[in-house]
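Fold and geometry: a report
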Amino acid sequence: MRANYRPRPRPLGTDTARDALAHGIGWVTLYGTVSAWSLALMSFLVFGGKKAMQAEALSR
């Protein structure tokens, strides 16, 4: 009978759930910010900022 024993999970309080949600949203926001800046930097390195600026200056 002891082999099938599963302890019941304790219910979370609203304060604990709110803190966990706020903490998770902070990490998601940080991840999104770092990802966007990383992609912008990679795009700048691949496509080059100077070439685009030179082409814009020549067209004027």
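All of the points below concern the structure found in this document. Because the structure is a prediction, the values reported are computed rather than measured.

**Concerning the overall build of the protein chain**
Of regular secondary structure, the protein chain possesses 2 helices and 0 strands. A total of 60 residues make up the protein chain; the buried ones form 2% of that total. When the accessible area of the protein chain is evaluated, it comes to approximately 6400 Å², of which 66% is carbon and sulfur surface.

**Things to note about a nonpolar patch on the surface**
Residues Trp27, Leu30 and Val34 make up a contiguous nonpolar surface patch of roughly 320 Å² in combined accessible area. Structurally, valine 34 can be placed in helix H1 (residues 14–47). By relative accessible area, valine 34 is classed as partly exposed at 47%.

**Observations concerning the pattern of salt bridges**
With the rule as written, the count across this model stands at 1 salt bridge. The residue aspartate 15 makes a salt bridge to arginine 18 at a minimum N-O spacing of 3.3 Å. Of the two residues, aspartate 15 and arginine 18 both sit in helix H1, 3 residues apart, roughly one turn of that helix. Assigned by exposure class, aspartate 15 and arginine 18 land together as exposed.

Reading guide: rules and limits
- Residues numbered from 1 in each chain as written.
- Predicted model: local features only at pLDDT ≥ 70, side-chain atom pairs only at ≥ 80, totals over all residues.
- Heavy atoms only, no water.
- Helix = DSSP H or I, 4+ residues; strand = E, 2+ residues; numbered from the N terminus.
- Buried < 20%, exposed > 50% of the residue type's maximum accessible area, 1.4 Å probe, protein only.
- Areas by Shrake-Rupley, 256 points an atom, 1.4 Å probe, with all protein chains shown as cover.
- Patch = residues over 30% accessible without salt bridge, like charges linked within 9 Å, V, L, I, M, F, W, Y side chains within 5 Å.
- Salt bridge = Lys/Arg side-chain N within 4 Å of Asp/Glu carboxyl O.

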